[in-house]
Amino acid sequence: MIPARPAALEAPRALAAALAVLGLWASDASGLGAQGKPAPREEYLSRLGKLVGAYAESELALSAWCGAAGLQKEAESALERARAAKPGAEAPAPPKPPAPEDLAAEHAEKVKALRASVGRDYAALARWCLSKGLLREARRSVEKALRWNPSDSEAKSLALKPALKARYMHDVLSGSPQGVFKGGKWVAEEGFRKAQEPRVRALAEAQSKASGLEFKSDFLPDVDMLYTVKDGDFKAVKSAVERFVGITRGLFFLGSPKKPLLLFYIRSEEEFRKLGQNPAMMGAYEWGKGKLYAYPGFMGDGTILHEMTHAMLEASFRTFPPLWFNEGLACFFEAFDDLSGENPFGIVNWRDSMYAQQVSAGTARSLEALVRDCVLMIDPQGYGQGRALMNYLWGVGKLEAFVVSAQLKDDGKLDFAAVLSEVLGRPLSEAGADLEKFAAAHAKAGEKIPRGKAEDEALDGAIGPAPGQD
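Examining the packing of aromatic side chains
Taken as a whole, this structure holds 29 aromatic pairs when the rule is applied. Consider the rings of F336 and F345, whose centres lie 6.5 Å apart with planes at 75 degrees: the pair is edge-to-face. Chaining the aromatic ring pairs together yields one cluster made of F244, F252, F253, F332, F333, F336, F345 and W394. When the ring centre of Y168 is taken as origin, the NZ or CZ atom of R249, which lies over that ring, is 5.7 Å away.

Brief notes about the environment of F181
The topology assignment puts F181 in strand β1 (residues 180-182). Residues F181 and H107, spaced 74 residues apart in sequence, show a C-alpha to C-alpha distance of 37 Å.

Things to note about the pairing of strand β7 (residues 291-294)
Pairing of strand β5 (residues 261-265) with β7, which is carried by four bridges, proceeds in the parallel orientation. Of the residues in β7, the one forming a bridge with L262 is K291. Across four bridges, the pairing between strand β6 (residues 283-286) and β7 is antiparallel. Bridged to E286 within β7 is K291. Counted along the chain from β6 to the antiparallel partner β7, the turn is four residues long, and its residue G288 has a positive phi close to 90 degrees.

Here we look at the pairing of strand β4 (residues 223-227)
For β4, the tally of buried residues reaches five of five residues, placing the bulk of the element in the interior. Neither face of β4 is exposed, since V223, M225 and Y227 on one face and D224 and L226 on the opposite face are all buried. With five bridges connecting them, strand β3 (residues 216-220) and β4 associate as antiparallel partners. Paired with F219 across the bridge in β4 is D224. Between β3 and the antiparallel strand that follows it, β4, lie two residues. Pairing geometry for β4 and β5, over five bridges, is parallel. Each bridged residue has a counterpart across the sheet, and for V223 the counterpart in β5 is L261. Once the chain exits β4 it traverses helix α9 (residues 231-248) before rejoining the sheet at β5, and the crossover so formed is left-handed.

Cut-off values and rules
- Residues numbered from 1 in each chain as written.
- Predicted model: local features only at pLDDT ≥ 70, side-chain atom pairs only at ≥ 80, totals over all residues.
- Heavy atoms only, no water.
- Phe/Tyr/Trp six-rings, centres within 6.5 Å; stacked < 30°, edge-to-face > 60°.
- Lys NZ or Arg CZ within 6 Å of the ring centre and 35° of its normal.
- Helix = DSSP H or I, 4+ residues; strand = E, 2+ residues; numbered from the N terminus.
- Pairing = 2+ DSSP bridges.
- Buried < 20%, exposed > 50% of the residue type's maximum accessible area, 1.4 Å probe, protein only.
- Right-handed = clockwise from strand over helix to strand, strands pointing away.

This is the structure:
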C-alpha cells in the first residue's frame, strides 16, 4: 500500500475528473463501483492518482519553505511542478523562516527527501501491482521508483524478480554498469572488442570463401555485420541498427540474443540471390538461425529495422509470435524519421495506404479475422492491417504496453489476442471499428502519427522528471 499521508487521502480534483471520465471512480464516497470492489487495473489507476496527489502536496510544501527561505527561484520551480500535477494549486502559508546558516544544504536535503518519498510510493505501488498479477503495471512502477530514487532498496529488489524481466532496467537506473551489454550481461568493453575483431574477421573470410563474395566485417555488441557495400554506405546502416537497439531495448524488447545475430548487407539483387535469398523480398530473417539479409531497396534502412524486429522478437519470446503481430510490429518499425530524436516512429507508409483503401472499399478483414487467420500464414493485406494495428496502438499510447505485456505473460501458452483485448480494455469487435476509422484518417504516406498517452501515463505524466533531472 502507498504510505498514508494526509495529502494522499484524496486525489486532486483534476485527477478525480480524469478518473471519472475513464469510468474508474464511482459516485459514492467509498470509491467502489456498482459491483463492489473495483477491478485491479481500475484500483491501480486510483492508487496512482493518489500518489500524484501526494506528490503535488509535497512540492507545495517545498515551495512554501523555499519562499520563506528567500530561495525564490527554487520556490517558483517547486510551485510550477505542483501545478502541473494539480492545476490551480497554491503554496500554503510559509512556515517560520529557517535559520540562514546553510539554506542551500537544507534545500538539497528536502529535495532528496521528496525524491525518496515518491520513490517509496512507486515501489509500494509496484509491489501491490505484482500481488494482483498486473505485471506490466508493476514493471512500470518499478521503473518510476528507480528514476526518482535509484537507491530505493524495495524497487531494486522488485526489479530483480524474474517475473518482471527488468534486470537491464535495474542495472541502467540503479547502478553504474561498466562496459557493453552483450548476450544479456555487461562485459568489459576492452576485452569485448579485443575478442570480437579477430572473430568477425575470420567469419568474413569464411563467408567470402563459401559465397564467392568479398565481405568486410564490423560488429555491435549483439550483431555481427558482414557487408559488400562501400564503407560510407555501411556506416549509416550500422548507426541505424545501433540506434534502433538502443531505443527499443527495455522499452519494447525485454530479451537479448543468446549469441550474436549475423547481418548480411550486400550491394545488389544478384548478390542477394547468391546467398540463397529471394530478391523480391528485399530482406529476410531466418528464424532459429539468427541470420538477417538485406540489400539497398526502396525502403532503405527500413528493411533492416524490419528484419531486426523479427530478431529481437525471437530473443524476447519463448512463444512464436503470430504473424499478424510479428510482421505488424516489424512493419511498424520499418518507417521512421530521425533516429537520434525522441519518438522517431509512427510514420505512415505505403502499407497503410493500401489497407485504408481496403477499408474504404469494404473489403478489409475484421480485426477478429486478422488475429484468427494470420497466425502462421499472412498475405499483403495482413501486413498492412497488422501495421495499421500497431499504428493505432501507438496513437493511443498502448503499443509499448501491448508488446511488453505479451512478453511478461509469455508462458508457452500465450494468447496474443487476449492480451491485445486486455490492453485495449474492450473486445476486439469494438476495437476493430476504431482501428478502421483510425486507418482511414491516417493514410497519407509520410504523415507523423503523434504517440498517444495511456491512462496511467496521462495521470502521472504531469509530475515530470524528478527534481534535478529537468
